[in-house]
Amino acid sequence: IADALDRAHRAGVIHRDLKPGNVMLTKSGAKLMDFGLARATGLGPASDKSGSPTVAGPLTAEGTIIGTFQYMAPEQLEGQEADTRADLWALGCVLYEMATGKRAFEGKSQASLITAIMGSEPAPVSHLAPLTPPALDRLIGACLAKDPADRIQSAHDVKLQLSWMVAGGSQTGAP
């Protein structure tokens, strides 16, 4: 998933709605689906908007919240413009769910869910899945940093760290 997200970001596309339902696993790897809320970053080939009539204007007005609340970064919930780090937050939520079988943030309503995302931290992965390598706990925590500046900065780095964990086996990050 990190590799597919890295490819999208390198092509100049922010997904803005990464969630388990938008990931398809195939024999050749993970595929990201449903780019309906995606936008060009202006950093890659996707930034050439001249040939596409569907991107003539912005998809949303300033302050509009779009996407799936469960996987939205705090800055998105505040109505700020999302950048690639918002996708990394969503990836952290997906990784958390994959590792624990539980969502990182829960709420009985949209308001309580937003409150949880904005003001609480999820239980460490290792508390719910005791055999979790400490490095995975740290990586997911770095994806879920509330401030985008404190968050891991690229899907490529997530991919590298996950590869290192696989190469290191169960002892990854252990003292």
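Cut-offs applied
- Within each chain, residues carry numbers counting from 1 in the order of the written sequence.
- The model is predicted, so local features are restricted to residues of pLDDT at least 70 and side-chain atom pairs to those at 80 or more, both for listing and for counting; the totals for chains, interfaces and linings are taken over all residues.
- Excluded from the side-chain calculation are hydrogens and water; included are all heavy atoms of the structure.
- Each axis is a line fitted through C-alpha atoms, taken for helices only over the stretch in contact, and angles between the N-to-C directions span 0 to 180 degrees.
- Each helix is a run of DSSP H or I of at least 4 residues and each strand a run of E of at least 2, with the numbering of both proceeding from the N terminus.
- Angles are sorted into four bins: roughly parallel if under 35 degrees, roughly antiparallel if over 145, roughly perpendicular if 65 to 115, and oblique for all others.
- Any pair of residues with heavy atoms lying within 4.5 Å of one another is described as a contacting pair.
- Throughout this description, the term nonpolar core refers to a set of buried Ala, Val, Leu, Ile, Met, Phe, Trp, Tyr and Cys residues connected via side-chain atoms within 4.5 Å.
- Only protein chains enter the calculation, and the probe is 1.4 Å; a residue is then buried if its accessible area is under 20% of its type maximum, exposed if over 50%, and partly exposed in between.
- Aromatic contacts are taken between Phe, Tyr and Trp rings whose centres are within 6.5 Å, Trp giving its six-membered ring; a plane angle under 30 degrees counts as stacked, one over 60 as edge-to-face, and the others as tilted.
- Between any two strands, pairing holds if DSSP finds at least two bridges.
- What counts as a salt bridge is simple: a side-chain nitrogen of Lys or Arg found within 4 Å of a carboxyl oxygen of Asp or Glu.

Draft legend 1. Just the packing of helix α1 (residues 2-10) against helix α3 (residues 84-100), in detail. Running from N to C, α1 and α3 point in directions that differ by 170°, and their axes come no closer than 11 Å. For the element pair α1 / α3, the angle class is roughly antiparallel. Residues Ala2, Leu5 and His9 of α1 form the contact with α3, whose participating residues are Thr84, Asp87, Leu88 and Leu91.

Draft legend 2. Representation of the nonpolar core within the structure. In terms of nonpolar packing, the biggest core is built from 37 residues, with Leu91, Phe105 and Val158 touching the most fellow members. Where this core is concerned, the elements lending two or more residues are α1, α3, α4 (110-119), α6 (134-143) and α7 (155-168). If you tally residues by element for this core, the top one is α3, at nine residues.

Draft legend 3. Structural view of the packing of aromatic side chains. Scanning the model with the defined rule gives one aromatic pair in all. When the ring of Trp89 is compared with that of Phe105, the centres are 5.5 Å apart and the planes differ by 15°; the resulting orientation is stacked. Taken as a pair, Trp89 in helix α3 and Phe105 in the loop between α3 and α4 lie far apart in primary sequence, 16 residues in all. This pair shows no difference in class: Trp89 is buried, exactly as Phe105 is.

Draft legend 4. Geometry of the side chain of Arg151. Relative to the assigned elements, Arg151 resides in the loop between α6 and α7. You can call Arg151 buried: its relative accessible area is 2%. Apart from residues lying up to four places away in sequence, Arg151 is in contact with Ala73, Pro74, Glu75, Arg85, Ala86, Leu88, Trp89, Ala142, Cys143, Ala145 and Lys146.

Draft legend 5. Representation of the pairing of strand β3 (residues 29-32) in the model. Both strand β2 (residues 23-26) and β3 contribute to a ladder of four bridges, which runs antiparallel. Across the sheet, Val23 pairs through a bridge with Leu32, a residue of β3.

Draft legend 6. Representation of the pattern of salt bridges in the model. Overall, the coordinates contain eight salt bridges when judged by the stated rule. Here Glu75 makes a salt bridge to Arg151, at a shortest N to O gap of 2.8 Å. Residue Glu75 is located in helix α2 (residues 74-77), and its partner Arg151 is located in the loop between α6 and α7; the two are separated by 76 residues in the primary sequence. Each member of the pair, Glu75 as well as Arg151, is classed as buried.

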